[in-house]
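# Breakdown of the fold
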Amino acid sequence: MGFTRKMAWRNYLVEGFLILASLLIILPLLIMIFGSFMTSAEVLKFSLRLPDKWMFSNYTTVFREGGLGRAFLNGLLITGVSSILNIFTSSAASFILVRRETKWSGFLYMFFFMGLIAPMSTITTIRVVQWMGFYGSITSVILIYASLNTAFSVFLYSGFIRSIPKALDEVAFLEGANTFDVFFKIVTPLIVPVNATVAIMVFMSVWNDITIPLYFLTDSSDWTMPLSVYNFYGKYSRDWNLIFADLVLTSLPVLILYLFCQKYIVSGLTAGAVKG
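Residues numbered from 1 in each chain as written. Predicted model: local features only at pLDDT ≥ 70, side-chain atom pairs only at ≥ 80, totals over all residues. Heavy atoms only, no water.

### Topic: the packing of aromatic side chains
Stated formally: Ring pairs shown here join Phe, Tyr and Trp side chains whose ring centres sit within 6.5 Å, with only the six-membered ring taken for Trp; geometry is labelled stacked below 30 degrees between planes, edge-to-face above 60, and tilted in between. Note on conventions: DSSP H or I runs of at least 4 residues are helices, E runs of at least 2 residues are strands, and numbering of each starts at the N terminus. Note on classification: 1.4 Å probe, protein chains only; a residue is buried when its accessible area is under 20% of the maximum for its type, exposed when over 50%, partly exposed between these limits.
The final tally for this structure, using the stated rule, is eleven aromatic pairs. Measuring from centroid to centroid gives 5.2 Å for Phe-37 and Phe-56, while their planes differ by 70°, and the two rings are edge-to-face. Residue Phe-37 is located in the loop between helix H1 (2-35) and helix H2 (57-65), and its partner Phe-56 is located in the loop between H1 and H2; the two are separated by 19 residues in the primary sequence. The exposure class assigned to Phe-56 is exposed, which follows from its relative accessible area of 54%. Taken together, a centroid distance of 6.3 Å and an interplanar angle of 20° make the contact between Trp-54 and Phe-56 stacked. Given the relative accessible area of 38%, Trp-54 is considered partly exposed.

### With respect to the pattern of salt bridges
Using the following cut-off: What makes a salt bridge here is a side-chain nitrogen of Lys or Arg within 4 Å of a carboxyl oxygen of Asp or Glu, nothing more.
For the structure shown, the criterion picks out two salt bridges. Note that Glu-42 and Arg-49 form a salt bridge whose closest N and O atoms lie 3.2 Å from each other. The exposure class assigned to Glu-42 is buried, which follows from its relative accessible area of 9%. What makes Arg-49 partly exposed here is its relative accessible area of 24%. Note that Arg-49 is salt-bridged to Asp-52, the shortest N-O span being 3.3 Å. By relative accessible area, which is 63% here, Asp-52 ends up exposed. In the salt-bridge network here, residues are joined through shared partners; they are Glu-42, Arg-49 and Asp-52.

### Quick word on the side chain of Asn-149
So the rule is basically this: Nitrogen and oxygen atoms within 3.5 Å of one another constitute a polar contact, given that in protein one can donate a hydrogen and the other can accept it, and given that sequence-neighbouring residues count only through two side-chain atoms. We call two residues contacting when some pair of their heavy atoms lies within 4.5 Å.
Summarising the element assignment, Asn-149 is placed in the loop between helix H6 (138-148) and helix H7 (150-161). Side-chain polar atoms of Asn-149 contact the side chain of Ser-205, separated by 3.3 Å. Residues in contact with Asn-149, not counting those within four places in the same chain, are Asn-86, Val-202, Ser-205 and Val-206.

### Some thoughts on the packing of helix H3 (residues 68-99) against helix H9 (residues 179-190)
Rules: Lines are fitted to the C-alpha atoms to define the axes, a helix being fitted only along its stretch in contact, and any angle between axes, read from their N-to-C directions, falls within 0 to 180 degrees. Handedness of a crossing is defined here by the sense of rotation of the near helix relative to the far one, left-handed for an anticlockwise turn of less than a right angle and right-handed for a clockwise turn.
At a minimum axis separation of 11 Å, H3 and H9 run at an interaxial angle of 115°. Relative to H9, H3 is oriented so that their crossing is right-handed. Seen from H3, the contacting residues are Phe-88, Ser-91, Ala-92, Phe-95 and Ile-96; seen from H9, they are Thr-179, Val-182, Phe-183, Phe-184 and Val-187.

### Describing empty space enclosed by the protein
Note the cut-off: As defined here, a cavity is a set of points on a 1 Å grid over the protein atoms alone where a 1.4 Å probe fits but cannot get out. A pocket is an open set with protein on both sides within 12 Å along at least five of seven lines, and residues line them when an atom is within 4 Å of a point. Grid points are joined across faces, edges and corners, and a volume is the space filled by probe spheres set on the points. Each residue is assigned to one class: nonpolar for Ala, Val, Leu, Ile, Met, Phe, Trp, Tyr, Cys and Pro, charged for Asp, Glu, Lys and Arg, and polar for all the others, Gly among them.
For the coordinates displayed, the defined rule picks out two cavities of 30 Å³ or more. The computed volume of the largest cavity comes to approximately 50 Å³. Lining the largest cavity are Gly-75, Ile-78, Thr-79, Tyr-145, Val-206, Trp-207, Asp-209, Pro-213, Thr-224, Met-225 and Pro-226. For the lining of the largest cavity, the elements supplying multiple residues, two or more each, are H3 and helix H10 (192-208). Considering each element in turn, the lining of the largest cavity owes the most residues, three residues, to H3. In the lining of the largest cavity, the residues fall into seven nonpolar, three polar and one charged. Looking at the second largest cavity, its volume works out to about 30 Å³. Every residue lining the second largest cavity is listed: Ile-31, Phe-34, Gly-35, Met-38, Val-43, Phe-46, Ser-47 and Phe-244. Residues that form the lining of the second largest cavity fall into these classes: six nonpolar, two polar and no charged.

### Quick look at the layout of surface pockets
To find leftover empty space, a probe the size of one water molecule is rolled over the atoms. Quantified by volume, the largest pocket comes out at close to 690 Å³. Counting residues per element, the ones that place at least two in the lining of the largest pocket are helix H4 (103-114), helix H5 (122-132), H6 and H7. Per-class residue counts for the lining of the largest pocket are 16 nonpolar, seven polar and no charged. Of the voids in this model, the second largest pocket is the one considered here, and its volume is about 250 Å³. In terms of lining, the second largest pocket is formed by Leu-29, Met-32, Ile-33, Asn-208, Val-248, Ser-251, Leu-252, Val-254 and Leu-255. The set of elements that each furnish at least two residues to the lining of the second largest pocket consists of H1 and helix H12 (240-275). Counting residues per element, the lining of the second largest pocket draws most heavily on H12, at five residues.

Next comes the structure, spelled out in structure tokens:
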């Protein structure tokens, strides 16, 4: 009885701590949301309260003057192609690494794994992209994003593919199939849960990022939605109500995607971890 009561108090303390910690995230979000409906003078108070007058026109102003329509299409192109490219290359690489158990495959797996802890060198990457002739283009950003997320994707795919019996490969080879047939016709249909997880994770990380587009996109017409905030944030003037409205619109796609697809994220991560 005493042990049970002790565990109950411990659970209450943990829940209370988590509630307080969540307030550190919720309160700034509420200030941003309410501030996006305020006037430029009222928002300067940065207080958690309802607007005196709800300025819905802030959102139309942001969408019209911030060029969010084009920025949305740019972000959709970059995140979509990056996700597809990452899924294809990472799943194919993981299939070879798992099925061919050699010293080289073990070395390459550790090489990919190092990508989880090794930071990206911006200056070196810029020089490489300039040498390839892609600097300043959307293509360079897509290739960089696909590469940056490869390590995590290979980690997930490898864990899941190890759970697929090799007997399926052997039967296919006996029937005259080659390596490409085994991968596309047998393995690919089985890794759909991980494909969904990787697609969502890559989309969320790419959509929210501002550093790579800022460094590698020289034309502002190619900017993504997170960078559109600079249209209202200058050296001598800062329209915080419009900045908040811009941030709300930018975060909506990721929020909607996460709410509808969180079960795929959990299932894919669990499958890759448990089965690996």
